[in-house]
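# Structural description and commentary
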Amino acid sequence: DTAVSQTPKYLVTQMGNDKSIKCEQNLGHDTMYWYKQDSKKFLKIMFSYNNKELIINETVPNRFSPKSPDKAHLNLHINSLELGDSAVYFCASSQGGTTNTGELFFGEGSRLTVL
Amino acid sequence: ELKVEQNPLFLSMQEGKNYTIYCNYSTTSDRLYWYRQDPGKSLESLFVLLSNGAVKQEGRLMASLDTKARLSTLHITAAVHDLSATYFCAVDSLTGNQFYFGTGTSLTVIP
């Protein structure tokens, strides 16, 4: 049973299109994240949701809109895709609080290629 | 924004040798994490360091944390080819729920 699952794993699309990536975690964690990993492997946090509320938006263009219907799901919708959006997008989850280690558990990643 | 720097960015070493990867961060934090990423794969948790002076070991890898110096190290002992991967450190800021990753160290172990 996959702990953090993302779909789709691969996305190839044209500039200007809109696409979504879905993420689900079955770990019972309170916090979920989206990270972007570029071609140089730099990992940059995009969004963090804690119990369905947005707690980080790290200067991400407003073409990116996260949606969390419940604490087990965090989806990422991207409008008007640009070439620079090509990257691998990772979903992750963690359980905060002083009694937990707080480590991140990652999904398998979704590789987005914009042509 | 919290800054996390790793060095070296690239490391090529021969099997059997020892080496250390360094991770410096810019603000106070008691929590530091090390991850491994194989090419085309996700990130796998290696170590969780939750206090000053914490040391964890798994096989040929040992991680330590000095929160006063804002420094963590990942030491590789007698490297083997299977350790070839990219290694990331990550810091959880004191406000919580904000993980910032280092630049990554791409390790290649040559037979």
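This text gives an overview of the structure that appears in the document. (Residues numbered from 1 in each chain as written. Chains lettered and ligands numbered in written order. Predicted model: local features only at pLDDT ≥ 70, side-chain atom pairs only at ≥ 80, totals over all residues. Heavy atoms only, no water.)

### Some points on the overall build of chain A
- Per the secondary structure count, chain A includes zero helices and 11 strands.
- Along its sequence from the N terminus, chain A presents helices and strands in the succession β-β-β-β-β-β-β-β-β-β-β.
- On C-alpha atoms alone, chain A measures out to a radius of gyration of 14 Å, which is about the 13 Å that the 2.2 N^0.38 rule sets for 115 residues.
- Counting only C-alpha atoms, chain A reaches 45 × 30 × 25 Å along its principal axes.
- Looking at the 115 residues of chain A, the share that counts as buried comes to 44%.
- Pairs at least 24 residues apart make up 53% of the contacts formed inside chain A by residues separated by at least 6 positions.
- In chain A, which carries 12 positive and 12 negative side-chain charges, the distance between the mean positions of the two groups comes to 6 Å. (Helix = DSSP H or I, 4+ residues; strand = E, 2+ residues; numbered from the N terminus. Rg over C-alpha atoms; globule rule 2.2 N^0.38 Å. Buried < 20%, exposed > 50% of the residue type's maximum accessible area, 1.4 Å probe, protein only. Contact = heavy atoms within 4.5 Å. Lys, Arg positive; Asp, Glu negative; His and termini not counted. Charge placed at Lys NZ, Arg CZ, Asp CG, Glu CD.)

### What to know about the state of the cysteines
- Enumeration over the complete set of coordinates arrives at two disulfides over all chains.
- A disulfide bridge connects Cys23(A) with Cys91(A), and the sulfur atoms are separated by 1.9 Å. Residues Cys23(A) and Cys91(A) share a disulfide whose torsion about the S-S bond is about -75°; that sign makes it left-handed. With Cys23(A) in strand S3 (residues 19–25) and Cys91(A) in strand S9 (residues 87–94), this residue pair connects regions lying 68 residues apart in the sequence.
- In this model, Cys23(B) is linked to Cys89(B) through a disulfide, with the two sulfur atoms separated by 2.0 Å. (Disulfide = S-S within 2.5 Å.)

### With respect to the pairing of S9(A)
Residue and element names in this part refer to chain A.
- Most of S9 is tucked away: eight of the eight residues are buried.
- Burial along S9 is two-sided: the face carrying Ala-87, Tyr-89, Cys-91 and Ser-93 and the face carrying Val-88, Phe-90, Ala-92 and Ser-94 are both buried.
- In this structure, strand S4 (residues 31–37) lies alongside S9, joined through seven bridges in antiparallel fashion. Residue pairing across strands places Met-32 opposite Ser-93, the latter belonging to S9.
- Strand direction decides the pairing type here: S9 and strand S11 (residues 110–114), joined by three bridges, are antiparallel. Across the sheet, Tyr-89 pairs through a bridge with Ser-110, a residue of S11.
- Here S9 pairs with strand S10 (residues 105–106) via two bridges, running antiparallel. Within S10, the residue paired with Ser-93 across the bridge is Phe-105. (Pairing = 2+ DSSP bridges.)

### Side note on the interface of chain B and chain A
- The partner chain A presents 26 residues to the 19 residues of chain B that form the contact.
- Of the roughly 1,800 Å² buried at the junction of chain B and chain A (both faces included), carbon and sulfur atoms supply 52%.
- On inspection of chain B and its partner chain A, the count reaches zero salt bridges.
- On inspection of chain B and its partner chain A, the count reaches six residue pairs in polar contact (both at pLDDT 80 or more).
- When residues in the side of chain B that touches chain A are grouped by element, the largest group, four residues, is from strand S4 (residues 31–37) of chain B.
- Split by residue class, the side of chain B that touches chain A holds nine nonpolar, seven polar and three charged. (Buried area = accessible area lost by both parts, 1.4 Å probe. Salt bridge = Lys/Arg side-chain N within 4 Å of Asp/Glu carboxyl O. Polar contact = N/O pair within 3.5 Å; in protein donor to acceptor, adjacent residues only side chain to side chain. Nonpolar A, V, L, I, M, F, W, Y, C, P; charged D, E, K, R; others polar.)

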